[in-house]
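# Architecture at a glance
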Amino acid sequence: MPLQLLNPATQETLNYFLTNTFLHNNNPIPNSINSTDGVIYLEYSGSYYVLEDFMGGNPINARRFGTSTDKGYSSAAINKAIKLTKEYNYKSLYVPSGDYKISETITIDVTDDTTIIIDGQLSTIPSFTNTEGIVIGRSQAQTGALNSLSGLNIKGLNCSAEKRDYSNPVGIKIINIIFSTIEIKRVTGFGIGTLFYSDNDAGGISYNSFYLNYLHNNTTNLKFEKANTSGYINENTFYGGSFNHTRDFPDGITYNIEMKHNPLNDHPYNNNRFLYPSFEDNNVSAIAAIMTGDSNTIVSPRMENSQNHQYKIILDEHSIRCQVLSKGFVLNESSIDNQGKENSYETNTGNFLRTNSANPVLTLQNGASSSLKLYSGLDASTPTPNEVFFVTGEGKGYYSHSIYAEQGIRWVTSDGSRNDRGLFSGIGDPTVSANPGSLYVNNNGGNTMLWVKASGGGSAGWKPVGTQAAPLTVPVPPSPVNAQDVWARLEDLENKLKAAGLLSS
């Protein structure tokens, strides 16, 4: 049977059960338990007791650790709950609804695979002077931890600054976590809203999913940073996010996403994906995003800023193979400042692909058959547009149903067939099949450079046309000239015209 005892932290009566050992490891409970805990485990009248919530597998409730003056609405209560969650190897923590005043940095350093649910609203007090409001994870430089924190599941993470002079440097700092899922519900009023920081090479910040909601009125809403000699930030997916600075935000450049190159760190930011962010800003000096690194991607961003018509996503000079994919509201070609290499983007006013290597910009293949189409174009006819050009896998291009390329330039005959006339070239005498009326140029030059297709539909029937090297003239007869000489000259000219196909027999 439970015994009702007074929780000294909140002065509330709770149900406790008698125990002599810790539940998580069966070790004896020390007689100093009231000073190190006194809430989950406590000593009363010479016996030890455990809180009913803890026995039943319910999350540790942070409010149970509050003082009698604030009834649990304090950062100290949350920090003690976090400390005991880790110490007892417990896997769930709950911060109930209410306004929690952050007077000391909340440090979330728990065991792997811990779930934390936050329903309360967390805000730094006006006199708060610490560097960060909330810190999640472990810094190698500060704690010596070589491994990243893994498997976190945090819902409802939030932090606001009551004092809106943006002097508090960081709202939430996330350090060295992997394979985790975090919902960032609201961050506002800081110099940096949320900072992703890595200083270890054993995972860094990798393979995480972040669900973003309200990120407003921080000088930089989302920032990425690595230590000079170590740290990875890659393979993360960021979903959504409302990014904004109001019109009355203090003057100066602001960023919604800031990912800048660190020349002292050899590990590029890579394969980070931002899906459907709303960069709907109202600040005249705002920059939607600056991106660096390799193969980072923004998908279908909203690019609305009524105060700044030069509002941009910047792909800096160190970016390579980065992408802006899928059209987004007010996303135009002028929205992208591409300074990098092999980046690509799709906007409402066109697509851009670029390579700075021997690789082709674009490669297409129709695996069904080389004779089938690789791509085609349509005219503006409605409701059924007409196909005006296409290219096959054989390299044959057809344009406006009148000209196409196949061993030369051809023009379609009136019956629409492609066994038609054209202009061809090659080396030596012609062997290409064509219809009468076609022309052929011998690229070798020489006495016979131009040919006319005089007859037949195959490769035969080509007739050479004289050139300057073999002019259509006859030798000048010796003087004096008589009638027989004139007749011989005319007969010679007639034979040459017939041989050239310019005169019928």
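Here we summarise the structure given alongside this text. (Residues numbered from 1 in each chain as written. Predicted model: local features only at pLDDT ≥ 70, side-chain atom pairs only at ≥ 80, totals over all residues. Heavy atoms only, no water.)

A word on the overall build of the protein. Counting its secondary structure elements, the protein contains five helices and 41 strands. Within the span of the protein, comprising 505 residues, buried residues form 44% of the whole. The long-range fraction of contacts in the protein, counting pairs at least 24 apart against all pairs at least 6 apart in sequence, stands at 57%. Here the protein displays about 24600 Å² of accessible surface, and carbon together with sulfur accounts for 51% of that area. (Helix = DSSP H or I, 4+ residues; strand = E, 2+ residues; numbered from the N terminus. Buried < 20%, exposed > 50% of the residue type's maximum accessible area, 1.4 Å probe, protein only. Contact = heavy atoms within 4.5 Å. Areas by Shrake-Rupley, 256 points an atom, 1.4 Å probe, with all protein chains shown as cover.)

Along its 13 residues, helix H3 (residues 75-87) runs 18 Å from first to last C-alpha, staying within 8% of the 18 Å computed at 1.5 Å per residue. All of the buried residues along H3 are Ser75, Ala77, Ile78, Asn79, Ala81, Ile82, Leu84 and Thr85. Check the buried side of H3 and you find it contacts helix H1 (33-36), strand S5 (60-61), strand S6 (92-95), strand S7 (99-102), strand S8 (106-108) and strand S10 (121-124). Just downstream of H3, asparagine 89 is the residue with a positive phi angle, here 55°. (Expected span 1.5 Å × (residues − 1).)

A full pass over the atoms with the stated rule returns 21 aromatic pairs. Relative to phenylalanine 54, the ring of tyrosine 41 lies with its centre 5.7 Å away and its plane at 70°, an arrangement referred to as edge-to-face. Of this pair, tyrosine 41 sits in strand S3 (residues 41-44) while phenylalanine 54 sits in helix H2 (residues 52-55), and the two are 13 residues apart along the sequence. Like phenylalanine 54, tyrosine 41 is buried. (Phe/Tyr/Trp six-rings, centres within 6.5 Å; stacked < 30°, edge-to-face > 60°.)

Right, let's talk about the environment of glutamate 183 for a bit. Within the element layout of this structure, glutamate 183 appears in strand S16 (residues 181-188). You can call glutamate 183 partly exposed: its relative accessible area is 26%. On a C-alpha basis, the gap between glutamate 183 and isoleucine 154 in space is 6.1 Å, while along the polypeptide they are 29 residues apart. In this structure glutamate 183 touches Ile154, Lys155, Gly156, Leu157, Tyr211 and Asn213, once residues within four positions along its chain are discounted. Polar contacts involving the side chain of glutamate 183 include one to the side chain of asparagine 213, which spans 3.3 Å. (Polar contact = N/O pair within 3.5 Å; in protein donor to acceptor, adjacent residues only side chain to side chain.)

For the bond running from threonine 382 to proline 383, omega is 0°, close enough to zero to count as cis. Among the secondary structure elements, proline 383 is positioned in the loop between strand S33 (373-378) and strand S34 (387-392). Positive phi, close to 50°, is recorded for asparagine 176, a residue that is not glycine. Within the secondary structure, asparagine 176 sits in the loop between strand S14 (170-175) and strand S15 (177-178). Positive phi, normally seen in glycine, also occurs at asparagine 271, with a value near 55°. Along the polypeptide, asparagine 271 turns up in the loop between strand S23 (254-259) and strand S24 (273-275).

For the rest of this paragraph, the subject is the pattern of salt bridges. This structure, assessed with the given rule, holds 16 salt bridges. Between aspartate 109 and lysine 86 there is a salt bridge whose closest N-O contact spans 3.1 Å. Here the residue aspartate 109 occupies a position in the loop between S8 and strand S9 (115-118), and lysine 86 occupies one in helix H3, the gap between them amounting to 23 residues. Given the relative accessible area of 34%, lysine 86 is considered partly exposed. (Salt bridge = Lys/Arg side-chain N within 4 Å of Asp/Glu carboxyl O.)

Attention now goes to the sheet that holds strand S2 (residues 12-18). Taken in spatial order, the four strands of this open sheet run S1-S2-S4-S3, and their pairing is antiparallel. Strands with a single pairing partner mark the edges of an open sheet, and in this sheet they are strand S1 (3-7) and S3. Sheet twist, expressed as the average angle between the axes of neighbouring strands with direction ignored, equals 50°. Judged from the five bridges that link them, S1 and S2 form a sheet pairing that is antiparallel. Directly across from leucine 5, in S2, lies its bridge partner leucine 14. (Pairing = 2+ DSSP bridges. Axes fitted to C-alpha atoms, helices over the stretch in contact; angles between N-to-C directions.)

Turning our attention to the side chain of asparagine 234. Looking at the secondary structure, you find asparagine 234 in strand S21 (residues 233-234). Here asparagine 234 falls in the buried class, since its relative accessible area comes to 10%. A distance of 3.0 Å separates polar atoms of two side chains, one belonging to asparagine 234 and the other to serine 206. Those residues in contact with asparagine 234 that sit more than four places away from it in its chain are Ile205, Ser206, Tyr207, Asn270 and Asn272.

Keep in mind these values describe shape, not function.
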